[in-house]
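Single-letter residue listing:
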Amino acid sequence: DIQMTQSPSSLSASVGDRVTITCRSSQSISNYLNWYQQTPGKAPKLLIYAASTLQSGVPSRFSGSGSGTDFTLTISSLQPEDFATYYCQQSHSHPGFGPGTKVDMK
Amino acid sequence: QVQLQESGPGLVRPSETLSLTCTVSGGSISSYYWSWIRQPAGKGLEWIGRIYTNGDTNYSPSLKSRVTMSVDTSKNQFSLKMNSVTAADTAVYYCARVLTYSYGWGYFDEWGQGTLVTVSS
């Protein structure tokens, strides 16, 4: 099984901050990495697929990068609606999710 | 815009079978993979399995012995059955559409709102 880790597990930030979340896989997964945003009581929302492709309708302040085992989700200027938990998901084999990174208000 | 809606009992007794259905509206269920994903309260997401519209299935190795998925294209529905449930199966259950690229297992672009299933006597 491919294990996914995320860091940090939580972070505090302010509106306008640049936020970076890291996701690592236990073995190379090429670009089979996807990112989701989840707010309390809601279903996850797809942000980025194939490591760096922005899902239609997702604001351009979100970006993804990486390949192999190391991946990054960046929010260039945090907005109030971005306070949420973010999950990475590998799709190289049986899908697996990272443990999540909670972004809250400083 | 495709919409997904989970339905089924919110309470299941231990050792019994959990049964959920996902109804797809606003588009055809055909020619896609469809998945079930669950999330215990305050915890992360766990993939349960996927089904293609021809009935082909793949299940999580950790749940494979207890899970069965089926699809009814005439009703635009797919279903999940999980037997021998315990309190550890208490979670919000989501259905989701799977899109794939290259040879990967896919990502989840459309989700249902989720339904809470509690396993308790």
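Residues numbered from 1 in each chain as written. Chains lettered and ligands numbered in written order. Predicted model: local features only at pLDDT ≥ 70, side-chain atom pairs only at ≥ 80, totals over all residues. Heavy atoms only, no water.

1. Quick notes on the sheet that holds strand S8 (residues 70-75) of chain A
Residue and element names in this part refer to chain A.
- What the 4 strands build is an open sheet, ordered S1-S3-S8-S7; its pairing is antiparallel. For this open sheet the edge positions go to strand S1 (4-7) and strand S7 (62-67), each flanked by a neighbour on one side alone. Put simply, the sheet's adjacent strands are angled 20° from each other on average, direction ignored.
- Looking at chain direction, strand S3 (residues 19-25) and S8 are connected through 6 bridges and run antiparallel. (Pairing = 2+ DSSP bridges. Helix = DSSP H or I, 4+ residues; strand = E, 2+ residues; numbered from the N terminus. Axes fitted to C-alpha atoms, helices over the stretch in contact; angles between N-to-C directions.)

2. With respect to unusual backbone geometry
Residues and elements named next belong to chain A.
- For the bond from serine 7 to proline 8, the omega torsion is -5°, close enough to zero to count as cis.
- Phi is positive for alanine 51, close to 70°, though the residue is something other than glycine.
- For alanine 51, the position within the fold is in the loop between strand S5 (45-49) and strand S6 (53-54).
- Here alanine 51 falls in the buried class, since its relative accessible area comes to 2%. (Buried < 20%, exposed > 50% of the residue type's maximum accessible area, 1.4 Å probe, protein only.)

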